[in-house]
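As a plain string of letters, each chain reads:
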Amino acid sequence: MKVSDLLKDDKVTLSMEVFPPKTTTAFESVNKAVKEISALKPDFISVTYGAGGGTSEHTVKLAKDIKKEYGVSSMAHLTCVSSTRETVQNQIKLMQEAGIENVLALRGDIPSETEFPLPGQFHYASDLVKEIKSIAPEMCIGGACYPEGHPEALNKTDDILHIKKKVEEGCEFLTTQMFFDNSIFYNYLYRLREAGVMVPVIAGIMPITRKKQVERSIQLSGCCVPARFKSIVDWFGDNPAKMKQAGIAYATDQIIDLIANGITHVHIYTMNDPEVAAGIQRNLSEIIGK
Ligand code: FAD
């Protein structure tokens, strides 16, 4: 099913995310996690893409398996930096052959010490959206957005103008970067709508269930960490079981607040952890009817 169809009404949707193995030998354990997450029957599962190769070859295979073997709608991510135009075009064709209906079109992070933009490559996600539209017009295309602004953006206004361009090129919905303070999301959504970006926006929630995840996630995303969240990590961080429970509870609380404020589409960065995915889903069973 196309993600754009899933997002058509105000019915609550809960989607989840998995990442492919970094090596072929790790495929078995990733497969097991994907099977267990699929068994929760989220509205769709997205599969990340390793920019510049690495895990990229497994993305299409996993997205295909999720749809065909486990009967859950899937979405493959695709990045365009660090790849030639030909590689990107081949990847789009591979997706088409695999029957993948949804793609999250991303620029990808620019490797450090790389000159940017590189000649002969796509520069921005909006260029990739345009390319996918021309090769595979039947595909539903999504894109990323950043409630706290993309780290490279001059300012939030400029960043939103670039999001608008991505939508004008054919991006049908947006998924946000993680955030830990819902008021930042509400404010951002208001600014998107004010700028005329009217496509559905899926709120991306990252359950932080391990102490070392905190530093890494924040370093990568540049997100603000509310004092309430810091206290949780300070108090429970050294006890893995307590930290996991507290992290699941914090993410659940964020999702309940979102739904109570009319935000009905939520994407959980489940990071190949079926226990975390199941924990959050269980906490929301009455609310999402699953
Ligand atoms: P863009 O939309 O191209 O924006 C990148 C920057 O360029 C922004 O600062 C923007 O303001 C600016 N910009 C855009 N257009 C223009 C223009 N025309 N002129 C000047 N500036 C412009 N990475 C992976 O490698 N694999 C994944 O699977 C993956 N999945 C992700 C999923 C989500 C939901 C999110 C939020 C991020 C994901 N990322 C992934 C990370 C993403 O690749 C990086 O954040 C990357 O730095 C930006 O990608 P983008 O598609 O948002 O880029």
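Before any of the text, the structure's been laid out above.
Residues numbered from 1 in each chain as written. Predicted model: local features only at pLDDT ≥ 70, side-chain atom pairs only at ≥ 80, totals over all residues. Heavy atoms only, no water.

1. Things to note about the overall build of the protein
Part 1 of the argument: If you tally the helices and strands in the protein, you get 12 helices and 8 strands.
Part 2 of the argument: Relative to the 2.2 N^0.38 estimate, which gives 19 Å for 290 residues, the radius of gyration of the protein is 18 Å and therefore close to what a compact globule would have.
Part 3 of the argument: Considering only C-alpha atoms, the protein reaches an extent of 50 × 45 × 40 Å along its principal axes.
Part 4 of the argument: Out of the 290 residues in the protein, the part that is buried amounts to 53%.
Part 5 of the argument: Put simply, 79% of the contacts in the protein that link residues at least 6 apart link residues at least 24 apart. (Helix = DSSP H or I, 4+ residues; strand = E, 2+ residues; numbered from the N terminus. Rg over C-alpha atoms; globule rule 2.2 N^0.38 Å. Buried < 20%, exposed > 50% of the residue type's maximum accessible area, 1.4 Å probe, protein only. Contact = heavy atoms within 4.5 Å.)

2. Observations regarding the site of the ligand
Part 1 of the argument: Close to the ligand lie 23 residues; Y49, D109, Y146, D159 and K166 are nearest.
Part 2 of the argument: Note that an oxygen atom of the ligand is positioned 2.6 Å from one of the side-chain N or O atoms of D109.
Part 3 of the argument: The separation between an oxygen atom of the ligand and a polar side-chain atom of H150 is 2.9 Å.
Part 4 of the argument: Relative to its unbound accessible area of 980 Å², the ligand is 85% covered by the protein chains. (Near = heavy atom within 4 Å. Polar contact = N/O pair within 3.5 Å; in protein donor to acceptor, adjacent residues only side chain to side chain. Areas by Shrake-Rupley, 256 points an atom, 1.4 Å probe, with all protein chains shown as cover.)

3. A few points about the pattern of salt bridges
Part 1 of the argument: For the structure on display, the rule yields 12 salt bridges.
Part 2 of the argument: In this structure, the salt-bridge partner of E36 is K32, at a minimum N-O distance of 3.0 Å. With E36 and K32 both in helix 2 (residues 27–39) and 4 residues apart, this pair spans about one turn of that helix.
Part 3 of the argument: When the shortest N-O distance is used, the salt bridge between R107 and E152 registers 2.8 Å. Within this pair, whereas R107 is found in the loop between strand 4 (102–106) and helix 5 (125–135), its partner E152 is found in the loop between strand 5 (140–145) and helix 6 (156–168), the two being separated by 45 residues in sequence.
Part 4 of the argument: Connected through shared salt-bridge partners, K11, D43 and K290 make up one network. (Salt bridge = Lys/Arg side-chain N within 4 Å of Asp/Glu carboxyl O.)

4. What about empty space enclosed by the protein?
Part 1 of the argument: The full count for this structure, using the stated rule, is 1 cavity of 30 Å³ or more.
Part 2 of the argument: Roughly 50 Å³ of volume is contained in the largest cavity.
Part 3 of the argument: Forming the walls of the largest cavity are Y146, P147, E148, G149, Q177, M178, F179, S221 and C223.
Part 4 of the argument: Split by residue class, the lining of the largest cavity holds 5 nonpolar, 3 polar and 1 charged. (1 Å grid on protein atoms, 1.4 Å probe; cavity = no way out; pocket = protein on both sides within 12 Å on 5 of 7 lines; lining within 4 Å. Points joined across faces, edges and corners; volume = space filled by probe spheres on them. Nonpolar A, V, L, I, M, F, W, Y, C, P; charged D, E, K, R; others polar.)

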